[in-house]
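Secondary and tertiary structure notes
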Amino acid sequence: MSLSFQVYRGSKEGRIVPDQTTRSLGPNEVYIETTHSGLCGSDEHYLRSGQVLGHEGVGVVKEIGSSVTNVKVGDRVGFGYTQEVCGLCDSCLSGWDQYCSNKKEYGRHNHDVGSFSSGVVWNAGSVFPIPDRYDSKDAAPLMCAGGTVWTCLSEYGARPGDRVGVIGIGGLGHLAIKLAAAMGCHVVALSGSDTKKEEAFGFGASEYYVFSAGKEYNDLKPLKHLLVCANANIDYASLISIMDIGGTIYPLTVDFRPSSVPLLPMTGKGVRLQGSLVASRRTLKSLLEFAAEKKITPTIMTFPLNETGIEDAMQTLREGKMRYRGVLVRECAR
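Keep in mind that what you see is a predicted model, and the values were worked out from it rather than measured. (Residues numbered from 1 in each chain as written. Predicted model: local features only at pLDDT ≥ 70, side-chain atom pairs only at ≥ 80, totals over all residues. Heavy atoms only, no water.)

Attention shifts here to the overall build of the chain. Each helix and strand counted, the chain has 10 helices and 15 strands in total. In the chain, buried positions account for 55% of the 334 residues. Considering only contacts in the chain between residues 6 or more positions apart, those separated by 24 or more positions represent 68%. A total of about 14500 Å² of accessible surface is found on the chain, and carbon and sulfur atoms cover 49% of it. Averaged over its 35 positive side-chain charges, the chain has a centre that lies 2 Å from the centre of its 35 negative ones. (Helix = DSSP H or I, 4+ residues; strand = E, 2+ residues; numbered from the N terminus. Buried < 20%, exposed > 50% of the residue type's maximum accessible area, 1.4 Å probe, protein only. Contact = heavy atoms within 4.5 Å. Areas by Shrake-Rupley, 256 points an atom, 1.4 Å probe, with all protein chains shown as cover. Lys, Arg positive; Asp, Glu negative; His and termini not counted. Charge placed at Lys NZ, Arg CZ, Asp CG, Glu CD.)

Okay, here's the thing in structure tokens:
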């Protein structure tokens, strides 16, 4: 079965380009009519690549392949960074499939699919039913931003009562605060100014500090976990100084330049730098259930899912005016 749908690509000129693509539906695939797509900072990184953008999708299943049993036509589902996984390697079998060792089937390997579209063909094993009690516009940002911070909080030992720091109160950071607070953690927000102080407390933070490199924070009790959601060029010496013995720092922002890490202070306190990439299928499923149960929703701005809407949303993000996560909505959205 061949299916045609509209997509929105980046271009060498840095503009959004509408296009049509055709995909066949395989036995283990589903066709999803896209209704919502989150906007991620990494979409800006791929803007000039020519590929279809977007990896925070929500939509309705319209067609299923002959072997699909986990979803049915009419189901509302999410789809994210991982388009397909092998299902056979140790990473997949242990639930850590975001690190799937079968590189051919890892991540978004097909440049003609993405959530900036009217539809997608996706592997059925990499779609996630959206709880009935959870809105699609809120679910879309969980497919990447929410999954990224939830992996750190749920997979690396954060416990209720732990002092969890979040530096950078933006698309990732505001969700990290909300989720950590809902887990029962004591959340410490750190930002470059006090402009987001009241909002951070509203998200669930218990403490707020204006943070700058080299400044001493004698009144700040050490942190057990620290999610780095700020822009690149982080001064790790300053971060290590506020960490507890045996604490963990999670660098979540993308920077292609090398980072300088002072090894002596880090090893002296037993501080870990923990890498983390988006989320596994297991992690995304648990996030959707947790967010629905605790009524945790992202703070969003909405834009039309069309050429003009995408351009406006990306410019809003580029100018630092997004509060806090952009969501593109198609006219057909229910």
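From this point on, the discussion continues.
So, about helix α10 (residues 307-318). In a regular helix each residue adds 1.5 Å, so 12 residues correspond to 16 Å; α10 covers 16 Å between its end C-alpha atoms and thus fits that length. Turning to α10, its buried residues are G309, I310, E311, A313, M314 and T316. Contact partners of the buried residues in α10: β1 (2-9), α1 (41-45), β14 (300-304) and β15 (325-329). Capping the start of α10 is the job of one residue whose side-chain oxygen sits 3.3 Å from the backbone nitrogen of T308: N306. Just downstream of α10, G320 is the residue with a positive phi angle, here 70 degrees. (Expected span 1.5 Å × (residues − 1). Polar contact = N/O pair within 3.5 Å; in protein donor to acceptor, adjacent residues only side chain to side chain.)

Let's shift gears to the nonpolar core. Core analysis: the biggest nonpolar cluster contains 45 residues, and L142, V149, L153, I177, L179, L227 and L252 have the highest contact counts within it. Mapped onto this core, the elements with two or more residues apiece are α4 (145-155), β8 (163-167), α5 (171-183), β9 (186-191), α6 (197-203) and α9 (281-294). Both domain 1 (2-144 + 279-329) and domain 2 (147-273) contribute no fewer than three residues apiece to this core. Setting aside its immediate chain neighbours within four residues, V149 contacts L172, L175, A176, L179, L227, C229 and L252. Core analysis: the second largest hydrophobic core is formed by 20 residues, L190, V228, I242 and V271 among them. (Core = buried A, V, L, I, M, F, W, Y, C linked by side-chain atoms within 4.5 Å. Domains from an automatic or database assignment.)

To continue, consider the packing of α4 against α9. At their nearest, the axes of α4 and α9 sit 10 Å apart, and the two run at 95 degrees to each other. Our classification of the angle between α4 and α9 gives roughly perpendicular. For the pair α4 and α9, contact is made by G146, G147, W150, T151, S154 and E155 and by R282, T283, L284, S286, L287 and F290, respectively. Its residues placed into classes, the contact of α4 with α9 shows four nonpolar, six polar and two charged. (Axes fitted to C-alpha atoms, helices over the stretch in contact; angles between N-to-C directions. Parallel < 35°, antiparallel > 145°, perpendicular 65-115°, else oblique. Nonpolar A, V, L, I, M, F, W, Y, C, P; charged D, E, K, R; others polar.)

Vacant regions in the atomic arrangement are exposed by a probe of water-molecule size rolled over the atoms. The full count for this structure, using the stated rule, is one cavity of 30 Å³ or more. Roughly 50 Å³ of volume is contained in the largest cavity. Here the residues of the lining of the largest cavity sort into six nonpolar, two polar and two charged. (1 Å grid on protein atoms, 1.4 Å probe; cavity = no way out; pocket = protein on both sides within 12 Å on 5 of 7 lines; lining within 4 Å. Points joined across faces, edges and corners; volume = space filled by probe spheres on them.)

This part takes up α4. Given 3.6 residues to a turn, an α-helix orients residues that are three or four positions apart in the same direction. Of all 11 residues making up α4, nine are buried, and the element is well covered by its neighbours. The set of residues buried in α4 consists of A145, G146, G147, T148, V149, W150, T151, C152 and L153. One or two residues past the end of α4 sits G157, with phi positive at roughly 95 degrees.

A word on the sheet that holds strand β11 (residues 223-228). An order of β10-β9-β8-β11-β12-β13 is seen for the six strands of this open sheet, with the pairing classed as parallel. The open sheet has two free edges, formed respectively by β10 (207-210) and β13 (272-273), since each of these has just one partner strand. Bridging between β8 and β11 involves four bridges; their strand directions are parallel. Paired with G165 across the bridge in β11 is L226. (Pairing = 2+ DSSP bridges.)

Once the domains are mapped, the chain shows domain 1 (2-144 + 279-329) and domain 2 (147-273). Put simply, the middle of domain 1 and the middle of domain 2, counted by C-alpha atoms, are 27 Å apart. Between domain 1 and domain 2, the residue contacts involve 22 residues of the former and 22 residues of the latter. In total, domain 1 and domain 2 occlude about 1800 Å² of area from one another, counting both sides; carbon and sulfur atoms represent 62% of this. For the pair domain 1 and domain 2, the number of links is one salt bridge. R282 is the partner of E155 in a salt bridge, and the nearest nitrogen-oxygen pair spans 3.2 Å. A breakdown of the residues in the side of domain 1 that touches domain 2 according to their chemical character gives 12 nonpolar, six polar and four charged. (Buried area = accessible area lost by both parts, 1.4 Å probe. Salt bridge = Lys/Arg side-chain N within 4 Å of Asp/Glu carboxyl O.)

The next point concerns the side chain of H55. With respect to the secondary-structure elements, H55 resides in the loop between α1 and β4 (57-64). Note on H55: relative accessible area 4%, which makes it buried. A distance of 3.4 Å separates a polar atom in the side chain of H55 from a polar atom in the side chain of S42.

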